[in-house]
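# Coordinate analysis (summary)
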Amino acid sequence: MSNPSLTSIIRENSKKYGSRNAIFYQGNEKQWIPITWTDFWKSIEDTAKALLANGVKPGDRVAIMSRNMPEWTISDYAIQLVRAVSVPLFSSTSPAQAEYMLNETETVLILVGEQEQYDIAKQIAHKISYLRSVIAFDTSVKFEEGVSSMHFNDFVATGLKENYTEQLNVLSNDASDKDLCTILYTSGTSGEPKGVMLSVANFLHCVKIHDLRLTVSDQDVSLCFLPLSHIFERGWTFIVLSFGMTSYYLRNPKEVVDAVKVVK
């Protein structure tokens, strides 16, 4: 693996596979909707530009609290692209735990999935001194007056108002595999949750060793149903997309049996 970053692998894959489908997700009628490799990478870049437009700098912490959806991974790569640090929270995280983790990491933005996660974020937003805004992936989320909030589509649009391409290129060129990629929290079964700091190199090595040990190819299909906030699904998703596999995102893990029949 000669790539210095996870994002550069995806950039190369977008050139290699182009109009081929990278990701599928379910619509309101449970139909599977595709995202091509070209559109996947464009969404990552556009989200990265939005992060810059909203003042996110290298080293800043950006939290993600959501069930599995493409926006989760798009945001994950975008955060890496601007050399910021992701702080994943389980979608069922309690307000007290979320407050503790966001305060300890000095999180500046939190990306939430649906109404349930937004309602948790709005309860604690005023208690997180560094937090500037809450961004909701699902367009049906209803906002609380007095809490700085934005839907993800509108958030992404803020990055398109000015040209952030050059700034993004500089950050990309300065990227190192020693960059801190994420802070993953333990369950906190013995005391407060503890943040585990993982670098880009940690995940690149994970991709490398799986390349050596597993026989998979870009013809394979994977079902993303375990929580992306957990290291298992997160690491596996990096592997899946690095290898050019197709990934199906399932929001509700209870529907995995039915989904497997369709996804195969």
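Everything discussed here concerns the structure shown above.
For the structure given in this document, a descriptive report is provided here. (Residues numbered from 1 in each chain as written. Predicted model: local features only at pLDDT ≥ 70, side-chain atom pairs only at ≥ 80, totals over all residues. Heavy atoms only, no water.)

## Considering the sheet that holds strand β11 (residues 246-249)
Our working rule: When DSSP locates at least two bridges between a pair of strands, those strands are taken to pair. For helices the rule is a DSSP run of H or I covering at least 4 residues; for strands it is a run of E covering at least 2, with both sets numbered from the N terminus onward. Lines are fitted to the C-alpha atoms to define the axes, a helix being fitted only along its stretch in contact, and any angle between axes, read from their N-to-C directions, falls within 0 to 180 degrees. Contacts between residues were defined by any pair of non-hydrogen atoms, one from each residue, lying within 4.5 Å.
Here four strands make up an open sheet; going across it, the order is β2-β1-β11-β10 and the pairing mixed. In the strand order of this sheet, the two ends are held by β2 (32-36) and β10 (221-224), each with one partner. Neighbouring strand axes in the sheet, compared pairwise and without regard to direction, differ in orientation by 25 degrees on average. When β10 meets β11, the two strands line up parallel, connected through four bridges. Paired with C224 across the two strands is Y249, which belongs to β11. The strands that helix α10 (residues 256-263) touches are β2, β10 and β11; relative to β10, the one it contacts most, it runs at about 160 degrees.

## A few points about a nonpolar patch on the surface
Where we set the bar: The patch calculation keeps residues exceeding 30% relative accessible area without a salt bridge and links them within 9 Å when they carry like charges or within 5 Å when they are nonpolar (Val, Leu, Ile, Met, Phe, Trp, Tyr). Every accessible area reported is derived by Shrake-Rupley at a probe size of 1.4 Å, with residue values counting cover from the shown protein chains alone. Basic side-chain nitrogens of Lys or Arg form a salt bridge, by our definition, when they fall within 4 Å of a carboxyl oxygen of Asp or Glu. A 1.4 Å probe rolled over the protein chains alone gives each residue an accessible area, and that area as a share of the maximum for its type sets the label: buried under 20%, exposed over 50%, partly exposed in between.
A cluster of nonpolar residues, L226, I231 and F232, forms a patch on the protein surface that exposes about 280 Å² of accessible area. Summarising the element assignment, I231 is placed in helix α9 (residues 231-242). On the basis of relative accessible area, I231 is assigned to the partly exposed category, the value being 40%.

## Describing the nonpolar core
Counted only if it meets this: Here, nonpolar core means buried Ala, Val, Leu, Ile, Met, Phe, Trp, Tyr and Cys residues that are tied together by side-chain atoms lying within 4.5 Å of each other.
Membership of the largest hydrophobic core comes to 54 residues, with the highest contact counts inside it found for F40, I44 and V82. If one sorts the elements of this core by residue count, helix α2 (residues 37-53) sits on top with eight residues. I44 has contacts with I10, I74, Y77, A78 and L81, leaving out every residue within four places of it along the chain. Ranked by size, the runner-up nonpolar core spans 23 residues in total, among them M65, A125, V134 and A136.

## Regarding the packing of aromatic side chains
Centre-to-centre distance and the angle between the planes together describe a pair of aromatic rings. Going by this rule: Pairing of aromatic side chains requires ring centres within 6.5 Å, counting the rings of Phe and Tyr and the six-membered ring of Trp. Pairs whose planes differ by under 30 degrees are stacked, by over 60 edge-to-face, and all others tilted.
For the structure shown, the criterion picks out 10 aromatic pairs. Aromatic pair F24 and Y248: ring centres 4.5 Å apart, planes at 5 degrees, arrangement stacked. Here F24 is found in strand β1 (residues 21-26), whereas its partner Y248 is found in strand β11, with 224 residues between them in sequence. Y248 shares its class with F24; the two are buried. For the ring pair W32 and Y248, a centre distance of 5.1 Å and an interplane angle of 80 degrees mean the geometry is edge-to-face. One end of the pair, W32, is in strand β2; the other, Y248, is in strand β11, and 216 residues separate them in sequence. Pair check on accessibility: W32 and Y248 agree, each one buried. Following the ring pairs from residue to residue traces out a cluster consisting of Y17, W37, F40, Y77, F203 and F238.

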